[in-house]
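# Structural overview for review
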Amino acid sequence: MNDRRLFPAFFAALLLITVPSVAAKDEPVSVRIRDGRIQEYVNGSLRRSYGNGLVDAATDGKTVAAVTRDGHIQEWVNGSMRRSYGSKVKGVSIQNNRVFAQLENGRTAEYENGSLRRTY
């Protein structure tokens, strides 16, 4: 009789362990710059810190785009740098895998996959 009750409980526990949580995929991520490094926060708690010599950063939840002191853009994924591009950048924002850079001359440059699409 106990075996009949034990199996569903065991199966439910096994399922909870092996199936990743749906909520874990939609964790709110935010970034900020402190002492020239990116600090990545998940649900308000510091997850990791990386980079060096940075002045601005933005994220879309997956990719982090940052601006160096030299005015270049660096893209980071999971704490690892993917690529670096651009010049004379003051600020950055990211949306739908597109990086929008505010340039020193007041114009905006739009990058996709590290390539310049347009400036306006």
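Read on for an overview of the structure. Note that the structure is predicted; figures quoted are calculated from it, not measured.

## A closer look at the packing of aromatic side chains
In the structure shown here, the tally under the stated rule is 2 aromatic pairs. Taken together, a centroid distance of 5.1 Å and an interplanar angle of 40° make the contact between Tyr50 and Trp76 tilted. Linking Tyr50 in strand S3 (residues 45–50) with Trp76 in strand S6 (residues 73–77), this pair joins segments that are 26 residues apart in sequence. Neither Tyr50 nor Trp76 differs from the other in exposure class; each is buried.

## Concerning the nonpolar core
It is characteristic of soluble globular proteins that their nonpolar side chains tend to be buried jointly. Ile73, Val89, Val99, Ala101 and Tyr111 are the most contacted members of the largest nonpolar core, which has 13 residues in total. Counting only elements with at least two residues in this core, the list comes to strand S5 (63–68), strand S8 (89–95), strand S9 (98–103) and strand S10 (108–112). When sequence neighbours within four positions are dropped, the list of residues in contact with Ala101 reads Ile73, Val89, Gly91, Arg107, Thr108, Ala109 and Tyr111. In terms of nonpolar packing, the next biggest core, distinct from the first, is built from 8 residues, Tyr50, Leu54, Val64 and Trp76 among them.

## A short note on the environment of Lys62
By the element assignment, Lys62 lies in the loop between strand S4 (54–59) and S5. According to the relative accessible area criterion, Lys62 is exposed, its value standing at 60%. Residues Lys62 and Asn78 lie 16 residues apart in sequence; the distance between their C-alpha atoms is 7.7 Å. Residues within four places of Lys62 in sequence aside, it is in contact with Trp76 and Val77.

Rules and cut-offs
- Residues numbered from 1 in each chain as written.
- Predicted model: local features only at pLDDT ≥ 70, side-chain atom pairs only at ≥ 80, totals over all residues.
- Heavy atoms only, no water.
- Phe/Tyr/Trp six-rings, centres within 6.5 Å; stacked < 30°, edge-to-face > 60°.
- Helix = DSSP H or I, 4+ residues; strand = E, 2+ residues; numbered from the N terminus.
- Buried < 20%, exposed > 50% of the residue type's maximum accessible area, 1.4 Å probe, protein only.
- Core = buried A, V, L, I, M, F, W, Y, C linked by side-chain atoms within 4.5 Å.
- Contact = heavy atoms within 4.5 Å.

In short, the description is geometric, and any link to function would need to be established separately.
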